[in-house]
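So the chains spell out like this:
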Amino acid sequence: MRDRTVLLLAVVAIVSLTGSIALLAVTGPTDPRPNRADTASVSVSDGSAGRFERLHAAGVTGSNVSVGIVDPTGFDTESETIAGQVSETRSFGGGSVDDTREAHGTATAAVVSRTAPDAALYLARVDSVNSYRQAVDWLVREDVDVIVAPVSFYGQPGDGTGPVARSATRAAERGSVFVAPAGNLAQSHWSGQYTTETVQNRTIDFTNRSRQNYIRGGTEITVWLSWDRGHADEEYTVELYRTNGTDSRLVARSQPYRGDDVPNERIVADVRPGDYYLVIRGPASPTGARLRLVSPTHDLQHTSARNSIVAPGTAREVITVGAYNSRVERLEPFSSRGPTVDGRTGVDIVAPDRQFAAAAPDGFVGSSAAVPYVGGTAALMLEANESLSPRETERLLEQTTRDVGRPRLDNETGHGAVRPVHAVRSAQNRTDG
């Protein structure tokens, strides 16, 4: 059983609204260990919040900077934390943008507010690939400086060519700093090729001749299977079985997803407690197709953390953020890893995901929580130097990180952990120069 709860919009009744979008906010047990200040960054004792307070005291608060937030849960626009900063709201697709029932969107906006308290907020609620693209286009038309998108779309290509990633890339090319999560799939992602070495009787071997991939977690199961566009005309299927150790019974078979133009299928099922496993079937002859299996609700028995970045984090020109637990100084075990399928590092930087956990009643942890931390930092940088382009902003964030991985640039932590004070000072120095 997972030690964290995944708040997922692509299950149960909500699946009819959300299509392929699923929210990657995770909560977990409270860590009793105290925050550890980044002494290499600033000499304060109260962690990341103190670092931002130092910038605010110096007059850097995000003034004259706009931040757009794209979220599938809506926002409590009357919340004391964000109400004074909300400039405009818009709902794309179903559901009201004003929603006090779900905390994710409000928590995201709250982290931006606490890091950049004078930034103007543009809030957009989405429920599908199409509405997400509409929301991003709206924010670009509004000339929003920073777009924070703590959402993840499954079944999308891992090389940045899908509609979700392309929308993010276009936004960055048009002048908006775009910040996206790496995802939380390192323990629930598998990828492999459909070749002579891996296929027996039209069934994929996940590893070591094992054609069954057991899943661990609750009874609301969502699974996505996707493959590369070059094999779009081929048919692949993932099947869900229940087993008692002796006998197995087919419970569900994936169906094609029609909400985008990507070759993919999915299973969304409510099941009874018990033991379940997945099987992937395909054409009679090996094709060489690269398959990708993910479950936003369950850990998998056979996994491959590599290439587990999800869209829009797979996009080119965006800042892709992994989740880093600064309390114990390590990458969160669930934080998705690169490289992207086309060989890019995947993760650009990592950021603390537990510093503002209290932003949501049940906690706010995961790569979704790390994204607004970086988005708020970017807003402060743009106030310090309004001439920065998205690419320059990303480069300064990367150049001022603290090294937390080996080698200096790796597929797990990218360039390292973001340091807000250093990043803002670097932006200021560009102006002074």
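- Per an unreviewed UniProt entry, the protein chain goes by the name S8 family serine peptidase and belongs to Haloarcula argentinensis.
- Its UniProt record, at the heading Sequence similarities (unreviewed entry), says of the protein chain: "Belongs to the peptidase S8 family."

Overview of the overall build of the protein chain
Phase 1 of the analysis: In terms of regular secondary structure, the protein chain is built from eight helices and 24 strands.
Phase 2 of the analysis: Looking at the protein chain as a whole, 61% of its 433 residues are labelled buried.
Phase 3 of the analysis: Contacts in the protein chain between residues far apart in sequence, at least 24 positions, make up 79% of those at least 6 positions apart.
Phase 4 of the analysis: With an accessible surface of roughly 16,800 Å², the protein chain has 42% of that area assigned to carbon and sulfur atoms.

Digging into unusual backbone geometry
Phase 1 of the analysis: The peptide bond linking Ala311 to Pro312 adopts the cis configuration, its omega dihedral lying at 10°.
Phase 2 of the analysis: The residue Pro312 is located in the loop between strand E21 (299–300) and strand E22 (319–325) in this model.
Phase 3 of the analysis: Note that the residue after Gly338, namely Pro339, is joined by a cis bond; omega there is 0°.
Phase 4 of the analysis: Notably, Glu329 is not glycine yet its phi reads approximately 60°, a positive angle.
Phase 5 of the analysis: Within the fold, Glu329 resides in the loop between E22 and strand E23 (330–331).
Phase 6 of the analysis: The class for Glu329 is partly exposed, based on a relative accessible area of 26%.

Digging into helix H4 (residues 129–141)
Phase 1 of the analysis: For H4, built from 13 residues, the straight-helix expectation of 18 Å at 1.5 Å per residue is met to within 8% by its first-to-last C-alpha distance of 19 Å.
Phase 2 of the analysis: Listed as buried for H4 are Val129, Ser131, Tyr132, Ala135, Val136, Trp138, Leu139 and Val140.
Phase 3 of the analysis: Just downstream of H4, Asp143 is the residue with a positive phi angle, here 60°.

Let's talk about the nonpolar core
Phase 1 of the analysis: Core analysis: the biggest nonpolar cluster contains 47 residues, and Val67, Ile69, Val146, Val321, Val374, Met381 and Leu397 have the highest contact counts within it.
Phase 2 of the analysis: Here this core takes eleven residues from helix H6 (residues 367–384), the largest share from any one element.
Phase 3 of the analysis: The residues touching Val146, leaving out its near neighbours within four places in the chain, are Ser66, Val67, Gly68, Val177, Val179, Gly375, Ala378, Ala379 and Leu382.
Phase 4 of the analysis: Counting 26 residues, the second-largest nonpolar core is a separate cluster that includes Tyr122, Ala124, Val129 and Trp138.

Things to note about the sheet that holds strand E17 (residues 255–256)
Phase 1 of the analysis: Across the sheet, five strands lie side by side as E10-E20-E14-E18-E17; this open sheet has antiparallel pairing. Both outer strands of the open sheet, strand E10 (189–193) and E17, are each paired with one neighbouring strand and no more.
Phase 2 of the analysis: As paired elements, strand E14 (residues 220–227) and strand E18 (residues 264–270) share seven bridges and run antiparallel to each other. For Trp224, the partnering residue across the bridge sits in E18 and is Arg266.

So, the environment of Asn264
Phase 1 of the analysis: Its place among the elements puts Asn264 in strand E18.
Phase 2 of the analysis: Looking at Asn264, the relative accessible area reads 3%, which means it is buried.
Phase 3 of the analysis: Distance from Asn264 to Leu293, taken between C-alpha atoms, is 9.8 Å for residues 29 residues apart in sequence.
Phase 4 of the analysis: Non-local contacts of Asn264, meaning those with residues more than four positions away in its chain, are made with Gly155, Trp224, Leu225, Ser226, Trp227, Pro256 and Tyr257.
Phase 5 of the analysis: A distance of 2.8 Å separates the side chain of Asn264 from the backbone oxygen of Gly155, its partner in a polar contact.

Considerations on the packing of helix H3 (residues 104–115) against H6
Phase 1 of the analysis: Here H3 crosses H6 at 35°, and the two axes come no closer than 8 Å. Both H3 and H6 take part in a crossing whose hand is right-handed. Along the contact surface, H3 presents His104, Thr108, Val111, Val112 and Thr115, while H6 presents Ser368, Pro372, Tyr373, Gly376 and Leu380.
Phase 2 of the analysis: Tallied by class, residues from the contact of H3 with H6 come to five nonpolar, five polar and no charged.

With respect to the pairing of strand E5 (residues 86–91)
Phase 1 of the analysis: With five bridges connecting them, E5 and strand E6 (residues 120–125) associate as parallel partners. Note on E6: the bridge partner recorded for Glu88 is Tyr122.
Phase 2 of the analysis: Taken together, E5, H3 and E6 constitute a β-α-β crossover, and its handedness is left-handed.

Some words on the packing of aromatic side chains
Phase 1 of the analysis: What the rule picks out here adds up to ten aromatic pairs.
Phase 2 of the analysis: With a centroid separation of 5.3 Å and 55° between ring planes, the pair formed by Tyr214 and Tyr277 is classed as tilted. Highlighted residues: Tyr214 in strand E13 (residues 213–216) and Tyr277 in strand E19 (residues 275–281), separated in sequence by 63 residues.
Phase 3 of the analysis: Given the relative accessible area of 5%, Tyr277 is considered buried.
Phase 4 of the analysis: Pairwise contacts between aromatic rings join Phe92, Tyr122 and Trp138 into one cluster.

Cut-off values and rules
- Per chain, the residues get numbers from 1 upward, laid out in the order the sequence is written.
- Residue-level local features of this predicted model are given only where pLDDT is at least 70; pairs of side-chain atoms are given and counted only at 80 or more, and the full residue set underlies all totals for whole chains, interfaces and linings.
- Hydrogens and waters are ignored; side-chain quantities use all the structure's heavy atoms.
- UniProt positions are given in the numbering used here, feature names are shortened, and annotations may be inferred rather than shown by experiment.
- Helix numbering and strand numbering both begin at the N terminus, where a helix is a DSSP run of H or I of at least 4 residues and a strand a DSSP run of E of at least 2.
- Throughout this description, buried means an accessible area under 20% of the type-specific maximum (1.4 Å probe, protein chains only), exposed means over 50%, and partly exposed covers the range between.
- Residue contacts are defined here by distance: any two heavy atoms, one from each residue, within 4.5 Å place the two residues in contact.
- Per-residue and other accessible areas follow the Shrake-Rupley method at a 1.4 Å probe size, with only the shown protein chains counted as cover for residues.
- Expected span of a helix, by definition, is 1.5 Å for each gap between consecutive residues, and there is one gap fewer than residues.
- The term nonpolar core refers to a set of buried residues drawn from Ala, Val, Leu, Ile, Met, Phe, Trp, Tyr and Cys, joined through side-chain atoms within 4.5 Å.
- In this scheme, strands are said to pair when DSSP sees at least two bridges between them.
- Between N or O atoms, a polar contact is any pair within 3.5 Å; within protein, one atom must be a potential hydrogen donor and the other a potential acceptor, and residues adjacent in sequence are included only when both atoms are from side chains.
- Axis definition: a line fitted to C-alpha atoms, over the contacting stretch in the case of helices. Angles run 0 to 180 degrees between N-to-C directions.
- Each crossing gets its handedness from the near helix: less than a right angle anticlockwise from the far helix is left-handed, clockwise is right-handed.
- Only Asp, Glu, Lys and Arg are considered charged, only Ala, Val, Leu, Ile, Met, Phe, Trp, Tyr, Cys and Pro nonpolar, and every remaining residue, Gly among them, polar.
- Handedness of a crossover: with both strands directed away from the viewer, a clockwise path from the first strand across the helix to the second marks it as right-handed.
- By convention, a stacked pair of Phe, Tyr or Trp rings (six-membered ring in the case of Trp) has centres within 6.5 Å and planes under 30 degrees apart, an edge-to-face pair has planes over 60 apart, and any other such pair is tilted.

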